[in-house]
Every structure is written in structure tokens, then in C-alpha cells.
Amino acid sequence: MAFARSDRRRTTPAAEPVALKLLVAGGFGVGKTTLVGAVSEIRPLRTEEALSEMGRPVDDTAGVEAKTTTTVAMDFGRITLRDNLVLYLFGTPGQDRFWFLWDELAQGALGAVVLADTRRLEDCFAAVDYFERRGIPFAVAVNCFDGAQLHDPENVRDALDLDQGVPVVLCDARQRESAKDVLISVVEHAARVAESRKPAATT
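A. The arrangement of the nonpolar core in detail. Counting residues in hydrophobic clusters, the biggest one holds 26 residues, and the most contacted among them are Leu-23, Val-114, Phe-131, Phe-138, Val-140, Leu-160 and Leu-162. If you list the elements that add at least two residues to this core, you get strand S1 (18–26), helix H2 (102–106), strand S5 (111–116), helix H3 (125–134), strand S6 (138–143) and helix H4 (153–160). Ranked by residues supplied to this core, first place goes to H3 with four residues. Filtering out sequence-adjacent residues up to four positions away, Leu-162 remains in contact with Val-128, Glu-132, Phe-138, Val-140, Arg-157 and Val-168. The next biggest cluster of nonpolar side chains, apart from the first, holds 23 residues, and it includes Val-24, Leu-35, Val-36 and Leu-183.

What follows is the structure in C-alpha cells.
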């Protein structure tokens, strides 16, 4: 008995997308939750609690007096940059008393965004120092708040004493495309850093 060849073509299963982990860090009230929410393609997970009178002595609300809530664990979101590349975003809490969570969140991270507010630039020093000491590639994204003076990115670089290779970009954390551009800059920077760390080929 002859068997007829099937006309159905074999299909190659699609490759699983590469999933990468990025952190979104910075000072209190700088816009981390806003950025994750603006860019995430899923409903973001948030762990916000209302600011209380007991927290007033330790939560510096100067410059963000209208802020009524704060992240106490993390924000989580997801964005697909390409068919084969998915980013998982973890927003860190900004206050000193929650920094013990950073080590857990940083495990396995490809890179990080350090959000900065030029009105309170010193608030992002700790995040910059954290990623520099652990060798985690990061980009600084200056969140351009309404009414805030715009500064040249190179002036921000000088003020933070950053290496020339660290990207410094201006952004609006409320706008999806602006936030997406920030994430792309981190991924590209992390790829360059990974390439530079590869051992030289021996002949």
C-alpha cells in the first residue's frame, strides 16, 4: 500500500522570547510608579500605602507636597519591545527604610533606570552608588516635571560624577513612548557593557 505524501508543511515552533529583568530606581516621589504604569502592557502590580503622620519625620516630601501614597515593596510591569524580547520591570521603593528590599529585587537584573528630579538631584545619589558598586549597568533618566527648569544632560552627568559611558536622557515618565525610549537606552547600554566584559579571544 502506498502512502501519499502529506501536503502539510512542517512548521518550526516559534522561539520563546528572551525575558530580561530591569529595575526602576530613584528617590522618593521621583516618578518610578508612574513610569512603570505608563509603559506596562499589563495592569501593573503596585504596593502603595497612604502616607501617614507617623512617617512625616522620615519621608521628606519637600518638592512633592501633593504626594499622598508611597511604594512599600515594589511596582511590577511588563513590556514587549520586540517579538523576541520581553522586559519585566521592578520599581524599587525610594525611602531609606525600604532599601533592604533592593538586594532581593536586584538579583538577576540586566540593568536599571535611575530616575532623577533635578530639583532634588541628591535623592538619586544612593541609587547611582548602589548600581555602580554592584556593577549593574544603568541609565539616568531625568524626569521633566511641569514647571521644573530643564538642564542639559551633560550638566546632570557632571553633577552626578558619572562615567561617560552611562546614558543620561531626558524623559516624561507619564508618556509611554518617552518611558519606552528610556528602557531601550538601558538595554542597549547593558548589551555594550556585556560585550566589553567578554574575555578577549586567544589565538
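B. Spatial organisation of the side chain of His-189. With respect to the element layout, His-189 can be found in helix H5 (residues 176–197). Each residue touching His-189, except ones within four places of it in the same chain, is listed here: Pro-137, Phe-138, Gly-165, Val-166 and Pro-167.

C. Region of the structure containing the pattern of salt bridges. A full pass over the atoms with the stated rule returns ten salt bridges. Put simply, Asp-117 and Arg-119 hold a salt bridge, and the shortest N to O gap is 2.9 Å. Owing to a relative accessible area of 41%, Arg-119 belongs among the partly exposed residues under this scheme. Through salt bridges with shared partners, one network takes in Asp-117, Arg-119, Arg-120 and Asp-123.

D. Local environment of the pairing of S5. When you tally the buried positions in S5, you get six out of six residues, the bulk of the element. Taking every second residue as pointing to the same face, both faces of S5 are buried, with Gly-111, Val-113 and Leu-115 on one and Ala-112, Val-114 and Ala-116 on the other. Relative to S5, S1 is paired through five bridges, and the arrangement is parallel. Among the inter-strand pairings, Gly-26 is bridged to a residue of S5, identified as Leu-115. Pairing geometry for S5 and S6, over five bridges, is parallel. When the bridges of S6 are listed, Leu-115 appears paired with Ala-141. Viewed along the sheet, the connection from S5 through H3 into S6 turns out right-handed.

E. Structural context of the side chain of Arg-157. Looking at the secondary structure, you find Arg-157 in helix H4. Beyond its immediate chain neighbours, meaning those up to four positions away, Arg-157 contacts Leu-162, Asp-163, Gln-164, Gly-165, Val-166 and Val-168.

F. Summary view of the confidence of the model for the protein. Across the protein, the average pLDDT comes to 83, with 74% of residues at or above 70. Confidence over residues 1–6 falls short of pLDDT 50; this stretch has zero contacts with residues more than four positions distant or in other chains. Ignoring residues within four places in sequence, the model shows residues 51–59, a span with pLDDT below 50, making 13 contacts including any to other chains.

G. Region of the structure containing a negative patch on the surface. A cluster of acidic residues, Glu-132, Asp-152, Asp-158, Asp-161 and Asp-163, forms a negative patch on the protein surface. By secondary structure assignment, the location of Asp-163 is in the loop between H4 and strand S7 (168–171).

H. Broad picture of H5. The terminal C-alpha atoms of H5, which comprises 22 residues, lie 32 Å apart, in line with the 32 Å expected from a rise of 1.5 Å per residue. Turning to H5, its buried residues are Ser-178, Ala-179, Val-182, Leu-183, Ser-185, Val-186, Val-187, His-189, Ala-190 and Val-193.

Analysis parameters
- Residues numbered from 1 in each chain as written.
- Predicted model: local features only at pLDDT ≥ 70, side-chain atom pairs only at ≥ 80, totals over all residues.
- Heavy atoms only, no water.
- Core = buried A, V, L, I, M, F, W, Y, C linked by side-chain atoms within 4.5 Å.
- Buried < 20%, exposed > 50% of the residue type's maximum accessible area, 1.4 Å probe, protein only.
- Helix = DSSP H or I, 4+ residues; strand = E, 2+ residues; numbered from the N terminus.
- Contact = heavy atoms within 4.5 Å.
- Salt bridge = Lys/Arg side-chain N within 4 Å of Asp/Glu carboxyl O.
- Pairing = 2+ DSSP bridges.
- Right-handed = clockwise from strand over helix to strand, strands pointing away.
- pLDDT = per-residue confidence, 0-100.
- Patch = residues over 30% accessible without salt bridge, like charges linked within 9 Å, V, L, I, M, F, W, Y side chains within 5 Å.
- Areas by Shrake-Rupley, 256 points an atom, 1.4 Å probe, with all protein chains shown as cover.
- Lys, Arg positive; Asp, Glu negative; His and termini not counted.
- Charge placed at Lys NZ, Arg CZ, Asp CG, Glu CD.
- Expected span 1.5 Å × (residues − 1).

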